Amino acid sequence: MASYDQLPATITVASVRDITPNMRRVTFAGAGVTAYASDETRVPNIKLIFPNPSTGVLSLPVVNDDGSRLQWPDPAVRGRVRTYTVRRLDPVAAEMDVDFVRHGDEGLASAWAERAQPGDTIGAAAGGGITAPVADRYLIVGDETALPAIGRMLERLPAAAVGTVYVEVDAPAEEQDLTAPAGLDIVWLHRHGSPAGTTTLLTDAVKNHTFPDVPGEKVFAWVSAESAVVLDLRRHLRNNVGMDRKSTLVIGYWKRGVSETGYGKAADHDRDFTEHDA
Ligand SMILES: Cc1cc2nc3c(=O)[nH]c(=O)nc-3n(C[C@H](O)[C@H](O)[C@H](O)COP(=O)(O)OP(=O)(O)OC[C@H]3O[C@@H](n4cnc5c(N)ncnc54)[C@H](O)[C@@H]3O)c2cc1C
């Protein structure tokens, strides 16, 4: 678990570029990133705190006396926290990339990313996350919100890793060049204009996926996407494939029609704390 030493930090936008039409990479730099990067248990999942969209004022939580917890004197500030993936962290250069799905102005973070300019500041706090365990075979599944995590994970798997990766994006133009072990088969699925979170592309792909029948083989499944997808796939992996909880990590990254604050409060990202990360 990350400590709150030197957190929350204020991180400053250094550059903004679109790596695909719907994915905006914001590079943060400077002293705030150095503070954040001083503890590597803070990656890959980062809590970003956004300014009040009406006033542009950035308010941050405070740390309690023993430095173990963030406190939120103003509940409205807590509502301006969103979870993202640190796609790249370079502690030496004090740079950090976060890739934002451009899903429009309905989302606080997405709207901020649409307008982000060098010099803008937001807050960064907490963080952490689970790395994939050693397994004989991997099944990795996600939509574009999970693509930064998938890209990061694939870069860190052993060179001999084998398995299949299913990624749902809108169109071929959204595919990214991912660095991955040669034994990982990356399958891109395209919505072709259907709204995110409305298709069964990922669930169909996994339900039609054939798991090789290798006695004793240890398979690990990682799934992150819209809430309905992860709930359906958790059921499938448990009930039809017969995977136990320790062989899966299934987490909802977002829920259609609900802000992250609401999704977190109502369902805690559909986590099952008895899964791999327990
Ligand atoms: C561990 C973790 C890591 C994550 N990493 C990333 C990441 O690296 N990059 C990334 O882009 N997202 C990532 N997400 C997902 C991101 O936190 C959510 O998409 C979040 O809701 C975006 O916040 P927002 O303020 O833009 O929208 P919110 O204010 O939370 O939501 C407003 C509306 O937008 C809808 N919405 C939210 N996300 C999307 C979407 N992607 N497409 C269409 N509609 C959407 C909601 O359903 C809601 O109706 C991650 C989530 C988790 C839990």
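Residues numbered from 1 in each chain as written. Predicted model: local features only at pLDDT ≥ 70, side-chain atom pairs only at ≥ 80, totals over all residues. Heavy atoms only, no water.

Draft legend 1. Representation of the overall build of the chain in the model. Of regular secondary structure, the chain possesses 7 helices and 13 strands. Relative to the 2.2 N^0.38 estimate, which gives 19 Å for 278 residues, the radius of gyration of the chain is 19 Å and therefore close to what a compact globule would have. Counting only C-alpha atoms and orienting by the principal axes, one finds that the chain spans roughly 55 × 45 × 35 Å. Of all 278 residues assigned to the chain, the portion counted as buried reaches 48%. Taking contacts inside the chain between residues at least 6 apart in sequence as the whole, the part at least 24 apart equals 68%. For the chain, the exposed area adds up to about 12900 Å²; of that, 50% sits on carbon and sulfur atoms. The chain carries 28 positive and 37 negative side-chain charges, and their two centres are separated by 4 Å. (Helix = DSSP H or I, 4+ residues; strand = E, 2+ residues; numbered from the N terminus. Rg over C-alpha atoms; globule rule 2.2 N^0.38 Å. Buried < 20%, exposed > 50% of the residue type's maximum accessible area, 1.4 Å probe, protein only. Contact = heavy atoms within 4.5 Å. Areas by Shrake-Rupley, 256 points an atom, 1.4 Å probe, with all protein chains shown as cover. Lys, Arg positive; Asp, Glu negative; His and termini not counted. Charge placed at Lys NZ, Arg CZ, Asp CG, Glu CD.)

Draft legend 2. Quick look at the environment of Pro44. Summarising the element assignment, Pro44 is placed in the loop between α1 (31-37) and β3 (45-49). Residue Pro44 is classed as buried on the basis of its relative accessible area, which comes to 13%. Sequence separation of Pro44 and Gly129 is 85 residues, and the distance between their C-alpha atoms is 5.8 Å. Once you skip the residues sitting within four places of it in the chain, Pro44 turns out to touch Tyr84, Thr85, Val86, Gly128, Gly129 and Arg152.

Draft legend 3. Spatial organisation of the site of the ligand. Taken together, 26 residues lie near the ligand, and Arg82, Thr83, His103, Lys255 and Glu260 sit nearest. Within the backbone of Ala109, one N or O atom sits 2.7 Å away from an oxygen atom of the ligand. Val258 is positioned with one of its backbone polar atoms (N or O) 3.3 Å from an oxygen atom of the ligand. With the chains in place, 93% of the 910 Å² that the ligand exposes on its own is no longer accessible. Of all the elements in the fold, those that place two or more residues in the shell around the ligand are β6 (81-90), β7 (95-101), α3 (108-115) and β13 (248-254). With 4 residues, β6 is the largest single contributor of residues to the shell around the ligand. Class assignment for the residues of the shell around the ligand results in 10 nonpolar, 10 polar and 6 charged. (Near = heavy atom within 4 Å. Polar contact = N/O pair within 3.5 Å; in protein donor to acceptor, adjacent residues only side chain to side chain. Nonpolar A, V, L, I, M, F, W, Y, C, P; charged D, E, K, R; others polar.)

Everything listed is a geometric property; what it means functionally is a separate question.
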